[in-house]
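Inside the fold
Single-letter residue listing:
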Amino acid sequence: MRFVLRVFKILLALIFAGALAGAAVAATVLLRWSRELPDVRVLDQYRLEGTSKVFARDGTVIGVLAPTIGKERRDQRPVKLSEIAPSVVASVIAGEDQSFFNHFGFNPLRFAAGVYQTFVNNNQQGGSTITQQLMKNSLLSDIDQDPKRVVERKIKEIMLAVQSERFFTKEEILTLY
């Protein structure tokens with residue numbers, strides 16, 4: 001009986017030491033990644049690149065230039081939230097992030113459900129909040145979609161989303177989105 005108790009104690013100590021070492025490694029990685037994060041306050045100066053029209057001498061439009069992101073051509077024009085119909089705003093929130101006004105930039109339950117759907121059911125389902133999507137598309141757009149960097153990008157996305165919710169109102173986040 002003493003032998004079993006002794007083995008159990010050693011096993012428990014090894015599990016605890018392993019968990020402690022894992023937490024130390026995770027904390028080190030998170031600290032390193034947090035130092036690489038851009039300042040979320042730069043979103044105050046964030047400006048969309050709209051299209052540029054090319055005119056002939058007589059004033060007729062002879063071409064339109066739109067910025068490209070990757071291979072995708074984007075025609076983006078900034079608008080105020082008040083200029084968008086409330087039903088459109090409600091539709092975006094309902095489709096993208098139903099709990100937008102109730103979380104702090106990150107929704108752990110939705111994230112867990114997205115991870116579960118991806119790995120267990122092999123069904124890629126988004127678990128990102130509107131705030132996380134904003135961070136990915138604005139401040140983290142330089143991190144490529146390399147499968148090796150998905151975890152890094154997702155963690156940085158979460159850290160930036162939580163930070164941004166401290167500096168911006170929900171309405172400001174929606175406007176930037």
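Above this text you will find the structure in question.
Criteria and thresholds
Residues numbered from 1 in each chain as written. Predicted model: local features only at pLDDT ≥ 70, side-chain atom pairs only at ≥ 80, totals over all residues. Heavy atoms only, no water. Core = buried A, V, L, I, M, F, W, Y, C linked by side-chain atoms within 4.5 Å. Buried < 20%, exposed > 50% of the residue type's maximum accessible area, 1.4 Å probe, protein only. Helix = DSSP H or I, 4+ residues; strand = E, 2+ residues; numbered from the N terminus. Contact = heavy atoms within 4.5 Å. Expected span 1.5 Å × (residues − 1). Polar contact = N/O pair within 3.5 Å; in protein donor to acceptor, adjacent residues only side chain to side chain. Patch = residues over 30% accessible without salt bridge, like charges linked within 9 Å, V, L, I, M, F, W, Y side chains within 5 Å. Areas by Shrake-Rupley, 256 points an atom, 1.4 Å probe, with all protein chains shown as cover. Salt bridge = Lys/Arg side-chain N within 4 Å of Asp/Glu carboxyl O. Axes fitted to C-alpha atoms, helices over the stretch in contact; angles between N-to-C directions. Parallel < 35°, antiparallel > 145°, perpendicular 65-115°, else oblique. Left-handed = near helix turned anticlockwise from the far one by under 90°. Nonpolar A, V, L, I, M, F, W, Y, C, P; charged D, E, K, R; others polar. Phe/Tyr/Trp six-rings, centres within 6.5 Å; stacked < 30°, edge-to-face > 60°. Lys NZ or Arg CZ within 6 Å of the ring centre and 35° of its normal.

1. Side note on the nonpolar core
Membership of the largest hydrophobic core comes to 18 residues, with the highest contact counts inside it found for Leu43, Ile93, Phe100, Met135, Leu139, Leu160 and Leu174. Secondary-structure elements contributing two or more residues to this core are helix H2 (86-96), helix H4 (130-138), helix H5 (150-167) and helix H6 (170-176). For Leu160, the contacting residues outside a window of four places in its chain are Leu37, Pro38, Val40, Met135, Leu139 and Leu140.

2. Description of helix H3 (residues 108-119)
Here H3 spans 16 Å end to end across 12 residues, near enough to the 16 Å set by a 1.5 Å rise per residue. Between a side-chain oxygen at the N-terminus of H3 and the backbone nitrogen of Leu109 the separation is 3.2 Å; the capping residue is Asn107.

3. Some words on a nonpolar patch on the surface
Taken together, the side chains of Val115, Tyr116, Phe119 and Val120 present a nonpolar region at the surface, about 430 Å² in accessible area. Here Tyr116 falls in the partly exposed class, since its relative accessible area comes to 46%.

4. Comments concerning the pattern of salt bridges
Here the structure, examined in full by the defined rule, presents eight salt bridges. A salt bridge links Asp39 to Arg41; the shortest N-O distance between them is 3.2 Å. Given a relative accessible area of 35%, Asp39 falls into the partly exposed group. In this structure, Glu157 and Lys154 form a salt bridge, with 3.1 Å as the shortest nitrogen-oxygen distance. Here the residue Glu157 and the residue Lys154 both occupy positions in helix H5, the gap between them amounting to three residues, near one helical turn. Neither residue differs from the other here; Glu157 and Lys154 are each classed as buried. A network of salt bridges, in which partner residues are shared, links Arg32, Glu36, Glu152 and Lys156.

5. Focus: the side chain of Thr131
Along the chain, Thr131 turns up in helix H4. A residue is classified by how much of its surface remains accessible, and Thr131, at 0% relative accessible area, is buried. Those residues in contact with Thr131, other than ones at most four positions away along the chain, are Phe100, His103, Gly105, Ala161, Ser164, Glu165 and Ile173.

6. Re the packing of helix H1 (residues 2-35) against H5
Running from N to C, H1 and H5 point in directions that differ by 70°, and their axes come no closer than 10 Å. Considered as vectors, H1 and H5 are oriented roughly perpendicular to each other. Relative to H5, the crossing made by H1 is right-handed. Side by side, H1 and H5 meet where Leu30, Trp33 and Ser34 of the first sit next to Val151, Glu152, Ile155, Lys156 and Met159 of the second. Class assignment of the residues belonging to the contact of H1 with H5 gives a composition of five nonpolar, one polar and two charged.

7. Observations concerning the packing of aromatic side chains
Inspection of the entire model under this criterion finds three aromatic pairs. Residues Phe104 and Phe106 carry aromatic rings whose centres are separated by 6.4 Å and whose planes lie at 70° to one another, so their mutual orientation is edge-to-face. For Phe104, a relative accessible area of 44% corresponds to the partly exposed category. Cluster of aromatic residues (ring-pair linked, three or more members): Phe104, Phe106 and Phe111. Sitting over the face of the ring of Phe100, Lys170 holds its NZ or CZ atom 4.6 Å from the ring centroid.

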